[in-house]
Amino acid sequence: MFIFSIVQILLALCAFVEAREVNYTILEENQPDYFLGKVSDDAKLHELLTTGDVTDVQYNILYSGNKDASWFTINDKSSALFASKSIDRDVICKYLTTCVLKFDVIAQSSGSGSFFHKVSVSVTVNDENDNVPKFPNPVVRQIVSEASVPGAATPLMGAEDLDAGRNGIQTYRLLPENVPFNLTAEYYANGRSQLQLIVTGKLDRETKNNYDLLILAVDGGQPAKTGTLTLNIVIGDINDNPPIFEKSMYNISIAEDVVPLTTVLALRATDKDSGENGRVIYRLSDHQSDSIHRTFKVEATTGELKVIKSLIEERKANYEIIVEASDNASNPLISQVPVFVTLLDTQNTAPEVILNIFPSGGNTVDVSENSAIGTVLALISVKDPDSGPNGQVECAINDNNFSLVKYDDSAEFNVILNKTLDREKKSVHHVTITCSDAGSPPLSVTSEFTVHVSDSNDNPPLFTRKVYQTSVTESNPVPINIGQVQAQDADNTKNISYSIEQSNSYSQWFEIDSESGAIFLNHSLDRETSPEIELQIKATDNGLPLLTGSAIFKISVADINDNKPVFHSKTFEYWIPENFSVNTMIASLSIMDADAGLNGQISISASSNDGHSSLPFMFLEDGSIFTTGDLDREKCDRYRIHLTAYDHGSPSLNSTVNLTIHIQDINDNPPVIQFPPSDTPYLEIPYTTTEDSVIMNIQATDLDQGENSRVNYLLDGDNITVDMFSLHNETGQLSLNRDLEISDVGVRSFFIIARDNGVPPKEAKRAFSIRISSQLTSSHRQPGEESVKYYAIAIAIGCVTVVLSAIIIFAICYVRRRDRHKADTSNGSVTSNSTLETDLSHSEIRMNGGYHRTFTQPSVTKPAWRPPREKQVSFKETTDVREEMNRSPKEPEVVSDDVVIWEYASEAGDTYHPYSDPYGSLPHKRQIPNLYSKNQVEWASDNENGQWTPNSDVMI
């Protein structure tokens, strides 16, 4: 009660203190132990402090039940507030525009002062643009039909940016811009967006069958960050193009004695469509004379035109053939081409060719590799004495680096340079020119000459590798040769010089031999500062003009174990609830080792600072802490652990830190009723007990903590008399609400309930009875301090008690025998011609046969004799009333129960019968509450509810 009063006074004092608030702002990704400010100054608590409290105030953060508070620590003396670890706003406030962490700080005087104040702290975590917009898939292929009309839309997944506000995605761009597409975007509250690719122009697959687009997602940061999506659009085909022949008409001449099944022309038509829409099928048109179909045929798939019979038999000089080409679509498109065939005679002579080389003559010419395209190298004159097709001569050249150009309309051709020559690839070209007439069969003649290509400085030096790689151990001795480069020049250049470009600050640490290409290191390296270094090596020839080649020389710095593991904090402290699931991660420690490989591979060992032989935790290499056993706050509420992080280098390096894990209470223990003890089922008190008397103090304990262990007491039962008992629900004190009376004699049975204040609550329940005795003093007293004293005395005089007990038992038996005899003669008796059995625990008489019961009741001669209500009488005048009943039940039956209330018939006409007859043979049955002790007889009257009580108990 005293502690409860103190708490109420403190709460009352706190209620009169004006609440204070402070606000801070911090950028995300802050350094650990970032100073925010002094809470006492910012909340202006000095305005509330008295002189005695100024130096006696402690500051504490309310961590329990507030995960936001775990990011901060406070100096309990100066009230300096720190962000204890780096805050990633994009994780703890994902998709939120504003990120505010709230918690409370308690300022309380620790000495004689009475100062107590709570300060509400709000920390706004501002976003940094530290995330790049990212598409779900960096490359997307999308098919769009060429039949799509402007305005048709295709949905695309937008990018996601974990940043918020202006640092989130602000706009999308589509590149290039001169395409028949546009882009729209719809933005959602969670940072996501949906794109629509809109067709803005006509699509023609045959003109352009695909588009490679780039979609840019740009956020609003300064500077802005951009995510990209490569969009490959494939234009789907429709059959909108007919096959097209390579020529609008064909003219061919064939010998009249051509052999049947000879191919005289290879027709070719192309269809811009794809698939079956673009597969071409050839045939002869049906709309022409039958002689065409008898003389020629065309292959359906190849388009080859063939003669199928002798042309001499037809006696015709020429033919006009119509060839059709169709695609293989369901609704094919068709095109036609005419083929004019002229028959030739079979006599022919070969043409004559005259070659003139510039400027020297002969069959050899020198050409520089940097000569311009179009340079004339030779002139060819062709003569053929034939006329007609036999005299029509065409010439061809075998090397596509050169070409023939017909000079005017004469039979002369210029040999010109068609491509730039490369001496390094080919220094000599053997050129053959073939000239053929159009006779049948054609006759041809060849002429040859040689082209020598002279060198020019057109090739830069080339290194044997594009990238050279080597490895150097850090803290290396200097100087040291770390490698060599080599370059070659395809030109005739003999001298190559090497140099290092000063492309970065590391370049000055190196030197290169200009002639051999050997590279030397003149500086000791540190892998943790520069794990890899790139040098730009240059090779220069001595030609005109000077040409240069380059290569990359990469130096990987090999690690030595020169850094020990480092914890990000000097101490760690965590709070977890008891009964936490096994194999669950409870924390992750940040441990860094700047070394690499085994030198940077970290393991953790743990030992108890409290002497525990084993710990219910597992510590992984990445700093994760998992539970491995049951956590019971009632057994251990705190684990203080000494952690050692060591690497796997040789020799191994390590660092240590202290870790404290607090086990927080949950309501996992029900109250245990200590008093009354379990071996005391009832308490007996006299009916003379007065109002406000303390009957007993119920006591219960709970192993939990805080509200989970605070116990409230209740009573539960069908026969609890609310106006009789009063139970204090906090102290467990059971007292009387009023004075007891003789009419209250009996047993009050109920359940004692001890219930804690946990959520959900747990409770203990025990059956208990209070027996109100007709004796003036209680025969069963509440165990307490007096009982302990009495028990001690009883043990001391145990031997004497045994003797006295024997004497007392003998006296009690004698008195009870005498009282029973007196009851039989004054109040009534029970006689039976059958065997009677007595239940010792329930005080019942069972009968094995019929019985004869005689009882004595008041004799009433006049109605005026009836006493007033609730008046007790002596019952001196009596009259016998007999009741006979014979039964022979198979099993013993109850004759006498706990309470029987009788009525009787008087001379004045008043009728009384038992309220409850065990056999139900008498009228006016009435059931009464079983609230009284057994073996007591109570008498009652129907008239005016008069009530009398017998002089003595009926002993059975």
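Residues numbered from 1 in each chain as written. Predicted model: local features only at pLDDT ≥ 70, side-chain atom pairs only at ≥ 80, totals over all residues. Heavy atoms only, no water.

(A) Representation of the packing of aromatic side chains in the model. In total, this model carries 14 aromatic pairs according to the counting rule given. On the numbers, 6.3 Å between centres and 80° between planes, the contact of F463 with Y468 is edge-to-face. Here F463 and Y468 have matching classes, each one buried. Each residue in the set F463, Y468, Y498 and F553 is aromatic and connected to the rest through ring pairs, giving one cluster. Sitting over the face of the ring of Y682, R771 holds its NZ or CZ atom 4.5 Å from the ring centroid. (Phe/Tyr/Trp six-rings, centres within 6.5 Å; stacked < 30°, edge-to-face > 60°. Buried < 20%, exposed > 50% of the residue type's maximum accessible area, 1.4 Å probe, protein only. Lys NZ or Arg CZ within 6 Å of the ring centre and 35° of its normal.)

(B) Molecular detail of the nonpolar core. The biggest cluster of nonpolar side chains holds 29 residues, and the ones touching the most others in it are F72, L81, F103 and V121. For this core, the secondary structure elements donating two or more residues are strand 1 (20–27), strand 3 (57–61), strand 4 (72–74), strand 5 (80–83), strand 6 (100–109) and strand 7 (116–126). Setting aside residues up to four positions removed in sequence, V121 forms contacts with V22, Y24, L81, L101, K102, F103 and V105. (Core = buried A, V, L, I, M, F, W, Y, C linked by side-chain atoms within 4.5 Å. Helix = DSSP H or I, 4+ residues; strand = E, 2+ residues; numbered from the N terminus. Contact = heavy atoms within 4.5 Å.)

(C) Spotlight on the sheet that holds strand 37 (residues 510–512). Strand order in this open sheet of three strands is 34-38-37, and the pairing throughout is antiparallel. Two strands in the sheet have a free side with no partner beyond their single neighbour: strand 34 (480–484) and strand 37. Ignoring strand direction, the axes of neighbouring strands in this sheet form an average angle of 25°. (Pairing = 2+ DSSP bridges. Axes fitted to C-alpha atoms, helices over the stretch in contact; angles between N-to-C directions.)

(D) Here's a closer look at the pattern of salt bridges. Applying the stated rule across the entire model yields 18 salt bridges. With its nearest N and O atoms 3.1 Å apart, the salt bridge here joins E324 to R283. One end of the pair, E324, is in strand 22 (residues 318–327); the other, R283, is in strand 19 (residues 280–284), and 41 residues separate them in sequence. When its relative accessible area of 32% is taken as the criterion, R283 is described as partly exposed. (Salt bridge = Lys/Arg side-chain N within 4 Å of Asp/Glu carboxyl O.)

(E) Spatial organisation of the state of the cysteines. Taken as a whole, this structure holds two disulfides when the rule is applied. C93 shares a disulfide with C99; S-S distance 2.0 Å. Looking down the S-S bond of the C93 and C99 bridge, the torsion is 55°, so its handedness is right-handed. You can call C93 buried: its relative accessible area is 5%. (Disulfide = S-S within 2.5 Å.)

(F) Inspection of a negative patch on the surface at higher detail. On the surface, E691, D692, D739 and E741 cluster together to form a negatively charged patch. One can find E691 in the loop between strand 51 (682–686) and strand 52 (694–697). (Patch = residues over 30% accessible without salt bridge, like charges linked within 9 Å, V, L, I, M, F, W, Y side chains within 5 Å. Areas by Shrake-Rupley, 256 points an atom, 1.4 Å probe, with all protein chains shown as cover. Lys, Arg positive; Asp, Glu negative; His and termini not counted. Charge placed at Lys NZ, Arg CZ, Asp CG, Glu CD.)

(G) Geometry of the sheet that holds strand 23 (residues 334–344). The strand order across the open sheet built from four strands is 16-23-22-19, with neighbouring strands paired in mixed fashion. In the strand order of this sheet, the two ends are held by strand 16 (250–255) and strand 19, each with one partner. Each strand axis lies, on average, 30° off the axis of its neighbour in the sheet, ignoring direction. Judged from the nine bridges that link them, strand 22 and strand 23 form a sheet pairing that is antiparallel. Paired with E320 across the bridge in strand 23 is F340.

(H) Representation of unusual backbone geometry. For the bond from V478 to P479, the omega torsion is -10°, close enough to zero to count as cis. Tracing the chain through its elements places P479 in the loop between strand 33 (467–473) and strand 34. One non-glycine residue, D33, lies in positive phi territory at about 60°. By the element assignment, D33 lies in the loop between strand 1 and strand 2 (34–38). Residue class for D33 comes out exposed when judged on its relative accessible area of 53%.

(I) Representation of the pairing of strand 23 in the model. Pairing analysis gives six bridges linking strand 16 to strand 23, with the strands arranged parallel. Bridging across to strand 23, S253 finds its partner in T342. The hairpin turn running from strand 22 into strand 23, its antiparallel successor, is six residues long.

(J) Geometry of the side chain of T627. Structurally, T627 can be placed in strand 47 (residues 624–627). Polar side-chain contacts of T627 include one of 2.5 Å to the backbone oxygen of S581. With sequence-adjacent residues up to four places away left out, T627 is seen in contact with F580, S581, V582, N583, T584, I586, P616 and F617. (Polar contact = N/O pair within 3.5 Å; in protein donor to acceptor, adjacent residues only side chain to side chain.)

(K) Region of interest: the environment of R89. Tracing the backbone through its elements, the reader meets R89 in helix 3 (residues 89–92). Residues R89 and V125, 36 residues apart in the sequence, show an inter-C-alpha distance of 6.5 Å. Sequence-distant contacts of R89, that is, excluding residues within four places in its chain, are made with E28, K94, L96, T97, T98, C99, V125, N126, D127 and A164.

(L) Local environment of the pairing of strand 36 (residues 497–501). Only one face of strand 36 is buried: it carries Y498 and I500, and the other face, with S497, S499 and E501, is open. Strand direction decides the pairing type here: strand 36 and strand 39 (residues 532–540), joined by five bridges, are antiparallel. Its bridge partner being in strand 39, E501 is matched across the sheet by Q536.

(M) Quick peek at the confidence of the model for the chain. On average, residues of the chain score 77 in pLDDT, and 78% of them reach the 70 mark or higher. Per-residue pLDDT stays below 50 along residues 1–17; that stretch engages in six contacts with residues further than four places along the chain or on separate chains. In the model, residues 779–792 has pLDDT below 50 throughout and makes twelve contacts with residues more than four positions away in sequence or in other chains. (pLDDT = per-residue confidence, 0-100.)

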